[in-house]
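Architecture and fold: a report
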Amino acid sequence: MEYSQKVLLKDGRSCVVRSGTEQDAEGVLTNFIATHAQTEFLTTYPDETHITIEQEKAYLKGKTDSKRDVALIAEVDGVITGTAGVDSMGAMDKTKHRAHFGISIDQSWWGIGIGRALTDACIECAKAMGYVQLELEVVADNKRALALYRSAGFIEYGRNPKSFRTREGKWQENVLMRLELTDGN
Ligand SMILES: CC(C)(COP(=O)(O)OP(=O)(O)OC[C@H]1O[C@@H](n2cnc3c(N)ncnc32)[C@H](O)[C@@H]1OP(=O)(O)O)[C@@H](O)C(=O)NCCC(=O)NCCS
């Protein structure tokens, strides 16, 4: 899905939230590697990603051309500061109403409203694409993300105490959350 919106951040700067293009591939990959090295809360370690710029270009083009998925970037002063996306959880009749939401922002840009802007934009896109329910998983210790999701209306519907195991052998419990986008009909 194609999307573009300008948002005013808490520090007065302007942020463009838009669907990624092939030209963004290098910046998106750089941001992905950085964010995955900065926090223990994401699903993979940075050295587990072996995506080439060509693959990233094709990925971003595919998401923008899609009517069921969106890959958004947040750009401030020409820098890709974060990404977020909505991905279909299946095209079959029983599951086509459900989509997954994911987000990550470079730590040096936290706390000025980019997370909120990307989350709001993803919810808007999910509604526009006709989804009934947006879903996510978040590590229970990730207080910042939990606060963001709760304030956006996501509610907890369960927990998985052994969702992730870190390389140090520590279990991470995930909170399962869902947001209803329509009256459910
Ligand atoms: C979670 C994350 C997306 C938040 O992004 P952000 O740009 O810092 O968020 P914002 O500045 O828009 O703040 C959004 C909300 O987060 C919460 N928040 C912000 N700073 C916080 C803090 N220090 N402590 C607790 N909650 C905080 C608040 O509820 C805030 O709401 P507000 O808009 O009413 O102020 C970002 O920290 C991140 O990418 N983290 C690493 C990757 C990650 O954990 N992704 C989620 C995986 S499920």
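Structure's up top.
Attention in this report is confined to the structure presented alongside it. (Residues numbered from 1 in each chain as written. Predicted model: local features only at pLDDT ≥ 70, side-chain atom pairs only at ≥ 80, totals over all residues. Heavy atoms only, no water.)

Along the backbone of the chain there are 4 helices and 8 strands. Taken from N to C terminus, the helices and strands of the chain fall in the order β-β-α-α-β-β-β-α-β-α-β-β. For a compact globule of 185 residues, the expected C-alpha radius of gyration is about 16 Å, and the chain comes in at 16 Å, within 12% of that figure. Every one of the 185 residues in the chain was classed for burial, and the buried ones make up 44%. In the chain, the proportion of contacts linking residues at least 24 apart, taken out of those at least 6 apart, comes to 61%. Summed over its atoms, the accessible surface of the chain is roughly 10000 Å², and 51% of this surface lies on carbon and sulfur atoms. Put simply, the chain has 23 plus and 27 minus side-chain charges, and the middle of one group is 5 Å from the middle of the other. (Helix = DSSP H or I, 4+ residues; strand = E, 2+ residues; numbered from the N terminus. Rg over C-alpha atoms; globule rule 2.2 N^0.38 Å. Buried < 20%, exposed > 50% of the residue type's maximum accessible area, 1.4 Å probe, protein only. Contact = heavy atoms within 4.5 Å. Areas by Shrake-Rupley, 256 points an atom, 1.4 Å probe, with all protein chains shown as cover. Lys, Arg positive; Asp, Glu negative; His and termini not counted. Charge placed at Lys NZ, Arg CZ, Asp CG, Glu CD.)

We now examine the pairing of strand S6 (residues 133-139). Extensive coverage of S6 is indicated by the burial of 6 of its 7 residues. Note: strand S5 (residues 98-105) against S6, 3 bridges, orientation parallel. Paired with Ala99 across the bridge in S6 is Leu134. Read from S5 through helix H3 (residues 114-128) to S6, the crossover connection turns out right-handed. Direction of pairing for S6 relative to strand S8 (residues 171-180): antiparallel, over a ladder of 7 bridges. Paired with Val139 across the strands is Asn174, a residue of S8. (Pairing = 2+ DSSP bridges. Right-handed = clockwise from strand over helix to strand, strands pointing away.)

What follows deals with the site of the ligand. Around the ligand, 22 residues are found, and the nearest of them are Lys10, Ile105, Gly115, Arg116 and Asn142. At a separation of 2.9 Å, an oxygen atom of the ligand approaches a polar backbone atom of Gly111. Here an oxygen atom of the ligand and a backbone polar atom of Ile112 are 3.2 Å apart. For the ligand, the protein covers 77% of the area, taking 940 Å² as the surface of the free molecule. Only S5, H3, S6 and helix H4 (143-151) provide two or more residues apiece to the shell around the ligand. (Near = heavy atom within 4 Å. Polar contact = N/O pair within 3.5 Å; in protein donor to acceptor, adjacent residues only side chain to side chain.)

For Thr83, the position within the fold is in strand S4 (residues 79-88). With sequence-adjacent residues up to four places away left out, Thr83 is seen in contact with Val28, Asn31, Leu72, Ile73, Gly102, Ile103, Ser104 and Leu118.

The next subject is the sheet that holds S6. Spatially, 8 strands are ordered S1-S2-S3-S4-S5-S6-S8-S7 in an open sheet, and the strand pairing comes out mixed. In this open sheet, the two strands that pair with only one neighbour each are strand S1 (4-8) and strand S7 (155-165). In this sheet, adjacent strand axes meet at a mean angle of 25° when their direction is disregarded. Sheet analysis places strand S2 (residues 14-19) next to strand S3 (residues 70-76), joined by 5 bridges and oriented antiparallel. In the sheet register, Val16 faces S3, and the bridge partner there is Glu75. Here helix H1 (residues 25-38) sits on the sheet in contact with S3, S4 and S5, set at roughly 90° to S4. (Axes fitted to C-alpha atoms, helices over the stretch in contact; angles between N-to-C directions.)

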